[in-house]
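# A look at the structure
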Amino acid sequence: MASFFKGFSVLFLGITLLMSSCMVANCGNFYQDFDLTWGGNRAKIFNRGQLLSLSLDKTSGSGFQSKKEYLFGRIDVQLKLVSGNSAGTVTAYYLSSQGPTHDEIDFEFLGNVSGEPYILHTNVFTQGKGGREQQFYLWFDPTKNFHTYSIIWNPQHIVFLVDNTPIRLFKNAESVGVPYPKNQPMRIYSSLWNADDWATRGGIVKTDWSKAPFTAYYRNFNAHTCSGSCTSSNTKFPNGAWHYQELDAYSRRRLRWVQKNFMIYNYCNDYKRFAQGFPPECKQSRFL
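All values reported here derive from a predicted model rather than from experimental measurement.

Mapped onto this numbering, the UniProt entry annotates "glycosylation site" (unreviewed entry) at Asn112. Residue Asn112 is classed as buried on the basis of its relative accessible area of 16%. In this view, Asn112 contacts Gly84, Asn85, Ser86, Ala87, Pro117 and Thr200; residues no more than four positions away in its chain are not counted.

As a further point, take the pairing of strand β11 (residues 157-162). Within β11, six of the six residues are buried, which leaves it mostly tucked inside the rest of the structure. Burial along β11 is two-sided: His157, Val159 and Leu161 facing one way and Ile158, Phe160 and Val162 facing the other are all buried. The sheet contact formed by strand β10 (residues 147-153) and β11 spans five bridges and is antiparallel. Pairing of Trp153 across the sheet is with Ile158, part of β11. Linking β10 back to β11 in an antiparallel pair, the connection comprises three residues. Relative to strand β12 (residues 165-171), β11 runs antiparallel, the two sharing six bridges.

With that out of the way, let us pick up the sheet that holds strand β9 (residues 134-136). The strand order across the open sheet formed by eight strands is β1-β4-β13-β6-β7-β8-β9-β15, and the pairing between neighbours is antiparallel. The open sheet has two free edges, formed respectively by β1 (34-38) and β15 (263-266), since each of these has just one partner strand. With strand direction ignored, the average angle separating the axes of adjacent strands in the sheet is 15 degrees. Sheet analysis places strand β4 (residues 62-66) next to strand β13 (residues 187-194), joined by four bridges and oriented antiparallel. Counterpart to Gln65 in the pairing with β13 is Tyr189.

Inspection of every chain in the model, using the stated rule, returns 20 aromatic pairs. When the ring of Phe64 is compared with that of Tyr218, the centres are 5.1 Å apart and the planes differ by 85 degrees; the resulting orientation is edge-to-face. Taken together, the positions of Phe64 in strand β4 and Tyr218 in strand β14 (residues 214-227) put the pair 154 residues apart, joining distant regions of the chain. The exposure classification of Phe64 matches that of Tyr218, with both residues buried. Judged by centre distance (5.6 Å) and plane angle (50 degrees), the ring pair of Trp139 and Phe262 falls under tilted. Of the two residues, Trp139 sits in the loop between β9 and β10 while Phe262 sits in the loop between α3 (249-261) and β15, which places them 123 residues apart along the sequence.

It is worth spelling out the environment of Leu192 at this point. Within the secondary structure, Leu192 sits in strand β13. As a C-alpha pair, Leu192 and Ser53 span 139 residues in sequence and 9.7 Å in three-dimensional space.

Ranked by internal contacts, the top residues of the largest apolar core, which has 51 residues, are Phe107, Trp153, Ile158, Ile167, Tyr218 and Phe221. Those residues within four positions of Ile167 in sequence are excluded, and the remaining contacts are Phe107, Leu120, Thr122, Gln134, Phe136, Trp139, Phe160, Leu161, Val162, Leu255, Val258 and Gln259.

On to the state of the cysteines, then. In total, this model carries one disulfide according to the counting rule given. The partner cysteine of Cys268 in its disulfide is Cys282, sulfur to sulfur 1.9 Å. Taking the sign of the torsion about the S-S bond as the criterion, the disulfide between Cys268 and Cys282, at about -80 degrees, is left-handed. With Cys268 in the segment after β15 and Cys282 in the segment after β15, the pair connects residues that are 14 residues apart, well separated along the chain. The residues Cys268 and Cys282 share a single accessibility class, namely buried.

Calculation criteria
Numbers given to residues run from 1 along each chain, matching the order in which its sequence is written. For a predicted model such as this one, the threshold for reporting local features is a pLDDT of at least 70, and the threshold for listing and counting side-chain atom pairs is 80 or more; totals across whole chains, interfaces and linings nevertheless cover every residue. Calculation of side-chain values draws on the structure's entire complement of heavy atoms; hydrogens and water are dropped beforehand. UniProt positions are given in the numbering used here, feature names are shortened, and annotations may be inferred rather than shown by experiment. The classification of residues rests on relative accessible area computed with a 1.4 Å probe and restricted to protein chains. Under 20% of the type maximum is buried, over 50% is exposed, and intermediate values are partly exposed. Contacts were defined at the residue level, with two residues in contact if any of their heavy atoms lie within 4.5 Å. Helix numbering and strand numbering both begin at the N terminus, where a helix is a DSSP run of H or I of at least 4 residues and a strand a DSSP run of E of at least 2. Two strands are counted as paired when DSSP detects at least two bridges linking them. In this analysis an axis means a line fitted to C-alpha atoms, helices contributing only their contacting stretch, and an angle means the value between N-to-C directions, from 0 to 180 degrees. Pairing of aromatic side chains requires ring centres within 6.5 Å, counting the rings of Phe and Tyr and the six-membered ring of Trp. Pairs whose planes differ by under 30 degrees are stacked, by over 60 edge-to-face, and all others tilted. Here, nonpolar core refers to any group of buried Ala, Val, Leu, Ile, Met, Phe, Trp, Tyr and Cys residues whose side-chain atoms link them within 4.5 Å. A pair of sulfur atoms, both from cysteines and within 2.5 Å, is called a disulfide here.

Rendered as structure tokens:
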């Protein structure tokens, strides 16, 4: 697996979804948009608010959250993940509401030993229920450069994107009785923390604290969203293409390419876990 990344070249992958390459004048500012919530000086904002870092050592990890809540939108951020031996660490970037019936949309990056690929873990919670995991390898080394990780969330679907390539589509399946996150505004959260009890090979590989501190970097946060009390009936959305945009034929081909070549787990294919029958949303689309 150490040669996993060899042979893959990083291509410019354009799609006809709303392109969100972040011009400096339009990007968010970490000072203005986020609060550093835990970890003390392990969480830092610098470069006049254009760069943020989270670190983990044996004492603590760190995290931040958005000042605002959002209901629907497109969220983009560029991350450069912990390099080297990152086994046991998890870098999480997600949207979430609060309470026992919370909604949540997750990116989680599970570290690995040097030379082995990160696992990108995705999940969707609705009304407090998750268990909708899909996991992927990436077609590049996410520790060498910044890459853009995006969530498009509208009343019809949730799209997870990496460098503008869709990797997962979760459709609104209310028609078959599956709750969909459409009523609870969510904040943006991120954290870097130790999860060596489960994250790397089920907890077999432990964090090597001699490599600490572990650090991940963030830049070019950009949000085209609806804040506070916006509802799906509100048509005055900033950069509103995300609100109604469907995947076109090219984007669907890219989605199939990712899922064929880089997906390593899909809950909708886990016959052992769902011996009594798959969740109803799994019947809606193979791209859930």
